[in-house]
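# A structural walkthrough
Each chain, letter by letter, is given below.
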Amino acid sequence: MKLTLLLLFFLGISVSGFSQISTAKDTAHKDTLWKIHGQNTFLLSQSSFSNWAAGGVNSFAGNLVLDYDFDYKKAYWRWDNKVILGYGLSDQTGLGWRKNDDRIILNSLLGYKAAKYWFYTFYVNFQTQFTDGYSYGANNQRTLISAILSPAYLTFGPGFAYKRSDNFRVNISPLAARITIVQNDSLAAVGAFGVTPGENHLFQFGASLDAYYKLNIAKNMAFENILKLFSNYRSEPENIYADYAANLFMKVNKLVTVNAGVELISDPLATTYHEALQVRQIFGAGLTYKF
């Protein structure tokens, strides 16, 4: 119960900030303080073979990604909020539909300017997924390995940040708390994601780093890098959790884009369901609406 209230409290911080946008009476004042932008992307990829000598499997995939930023700026204060929602399915002949993307990511970073590019900060990061995840064995038999809030990760703490621009920033928290949540009882029973078997959460205390760098390679091409690190002071701090994502965006015209991405996760608490290095790749062309 305490864990649920704590989770709702931190999510409420961001939601309350978003609600101020719609309740502000002075439109000019609101526009000065808040900068709101984002993009909705729908990607498609397909391959088809017929009497192809080299062989191949027919496949089709569709992915939807919603990426929104809500940024507040007043005097020495900065409040940057990001919401990423992603979900995708792929269909291969003989295998049926399977997930290829499933993400709920909420980031909130409150900063007070200390120097030209430096800020005192407090940040919150929450991550989970929408639906059940499975591993597949012989005869397409599946085993449950994850679910909504299983896992979920809540990380928060004070720190300091170097922000050169919206395209380059690094936040370091030497006193960060990280809570791993496993609400699914069958997964908790086997100690999935590092929790003690039978428990539904794991508390860690350590240091975290969150970095973002976006490089505009050409007029219609950008390369985005996102890095998250966490070291647990309480147990084997040398075993660092690392999450790195690289995304390439290529704009064909106002609406059509080609996107490619890869995400690498090294999690020392991953169970035997997962390999030492988790890899997710995506490539497709589709429609992107920016605002």
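Residues numbered from 1 in each chain as written. Predicted model: local features only at pLDDT ≥ 70, side-chain atom pairs only at ≥ 80, totals over all residues. Heavy atoms only, no water.

## A closer look at the overall build of the chain
To be explicit about the condition: Put simply, DSSP marks the helices as runs of H or I at least four residues long and the strands as runs of E at least two long, and each gets a number from the N terminus on. Categorising residues by exposure relies on relative accessible area from a 1.4 Å probe, with only protein chains included: less than 20% of the type maximum marks a residue as buried, more than 50% marks it as exposed, and the intermediate range marks it as partly exposed. Throughout, the Shrake-Rupley method with a 1.4 Å probe supplies accessible areas, and for residues the shown protein chains are the sole cover considered.
A count of helices and strands for the chain gives three helices and 14 strands. Counting only residues that meet the buried cut, the chain has 37% of its 291 residues in that class. Accessible surface computed for the chain: about 16,500 Å², of which carbon and sulfur atoms make up 61%.

## Section: empty space enclosed by the protein
Selection criterion: Using a 1 Å grid laid over the protein atoms alone, points where a 1.4 Å probe fits but cannot get out form a cavity; open sets with protein on both sides within 12 Å along at least 5 of 7 lines form a pocket; any residue with an atom within 4 Å of a point counts as lining. Grid points are joined across faces, edges and corners, and a volume is the space filled by probe spheres set on the points. Gly is put with the polar residues, along with every residue not named as nonpolar or charged; the nonpolar set is Ala, Val, Leu, Ile, Met, Phe, Trp, Tyr, Cys and Pro, and the charged set is Asp, Glu, Lys and Arg.
Applying the stated criterion across every chain yields a total of two cavities of 30 Å³ or more. When its volume is computed, the largest cavity comes out at roughly 120 Å³. Broken down by secondary-structure element, the contributors of at least two residues to the lining of the largest cavity are β5 (118-128), β8 (152-165), β10 (201-218) and β11 (221-232). A class-by-class count of the residues in the lining of the largest cavity yields six nonpolar, four polar and three charged. Empty space within the second largest cavity amounts to approximately 80 Å³. If you go around the second largest cavity, the residues you meet are R78, W79, D80, L109, L110, G111, F119, T121, A161, Y162, K163 and R169. Of all the elements in the fold, those that place two or more residues in the lining of the second largest cavity are β3 (77-92), β4 (96-113), β5 and β8. Partitioning the lining of the second largest cavity into residue classes produces six nonpolar, two polar and four charged.

## Describing the environment of G261
When you line up the elements, G261 lands in strand β13 (residues 256-266). Remark: the alpha-carbon pair of G261 and A246, spanning 15 residues in sequence, is separated by 5.6 Å.

## So, the pairing of β13
Filter applied, for reference: Pairing between two strands is assigned when DSSP locates at least 2 bridges connecting them.
In the sheet, strand β12 (residues 241-251) pairs with β13 via 10 bridges, with the strands oriented antiparallel. Bridging from a neighbouring strand, D243 pairs with I265 of β13. Remark: four residues form the turn of the hairpin made by β12 and β13, two consecutive strands paired antiparallel. Pairing geometry for β13 and strand β14 (residues 277-290), over 11 bridges, is antiparallel. Bridge pairing in β14 places L264 opposite V279.

## Details of the packing of aromatic side chains
As a reminder of what qualifies: Pairing of aromatic rings covers Phe, Tyr and the six-membered ring of Trp, with a centre-to-centre limit of 6.5 Å; geometry is then stacked below 30 degrees between planes, edge-to-face above 60, and tilted otherwise. Geometrically, a lysine NZ or arginine CZ counts as sitting over a ring once it is within 6 Å of the ring centre and also within 35 degrees of the ring normal.
Summed over the entire model, instances satisfying the criterion amount to 15 aromatic pairs. Taken together through their ring pairs, the aromatic side chains of Y117, W118, F160, Y162, F168 and Y213 make up a single cluster. Positioned above the aromatic ring of Y136, the side-chain terminus of R98 is 3.6 Å from the ring centre. Sitting over the ring of F230, R178 keeps its end group 5.7 Å from the ring centre.

## Quick look at the confidence of the model for the chain
We apply this condition: As a per-residue measure, pLDDT reflects the predictor's confidence and takes values from 0 up to 100. Between two residues, a contact is recorded if the distance between any of their heavy atoms is within 4.5 Å.
Of all residues in the chain, 86% have pLDDT values of 70 or greater, and the mean over the chain is 87. Mean pLDDT across the secondary structure elements of the chain bottoms out at helix α1 (residues 2-23), with 44, and peaks at β5, with 98. Confidence over residues 1-11 falls short of pLDDT 50; this stretch has 15 contacts with residues more than four positions distant or in other chains. Of the regions scoring below 50 in pLDDT, residues 13-30 engages in 15 contacts with residues more than four places distant in sequence or in other chains.

## Details of the pairing of β11
Where β10 meets β11, 12 bridges bridge the pair, whose relative direction is antiparallel. The partner of N216 across the bridge, within β11, is A222. In this sheet, β12 lies alongside β11 in antiparallel orientation, the contact comprising 10 bridges. Counterpart to F230 in the pairing with β12 is Y241.

## Digging into a nonpolar patch on the surface
Short version of the rule: Surface patches are drawn from residues lacking salt bridges whose relative accessible area is over 30%; two like charges belong together within 9 Å, two nonpolar side chains (Val, Leu, Ile, Met, Phe, Trp, Tyr) within 5 Å. Salt-bridge detection follows one rule: a side-chain nitrogen of Lys or Arg within 4 Å of a carboxyl oxygen of Asp or Glu.
A cluster of nonpolar residues, F42, L44, F60, L64, L89 and W97, forms a patch on the protein surface that exposes about 550 Å² of accessible area. Note on F42: relative accessible area 40%, which makes it partly exposed.

## Re the sheet that holds β11
Rule in force here: Every axis in this analysis is a line fitted to C-alpha atoms, fitted for helices over the stretch in contact. Angles between the N-to-C directions lie between 0 and 180 degrees.
Around the barrel, which closes on itself, the 12 strands sit in the order β1-β2-β3-β4-β5-β8-β9-β10-β11-β12-β13-β14 with antiparallel pairing between neighbours. If you compare each strand with its neighbour and ignore which way they point, the axes differ by 20° on average.

## What to know about the environment of S45
Within the fold, S45 resides in strand β1 (residues 34-47). Taking the relative accessible area as the measure of exposure, S45 reaches 26% and is therefore partly exposed. Counting along the chain gives 237 residues from S45 to I282, while the straight-line C-alpha distance between them is 9.3 Å. Those residues in contact with S45 that lie beyond four places of it in its chain are S59, F60, A61, F283 and G284.

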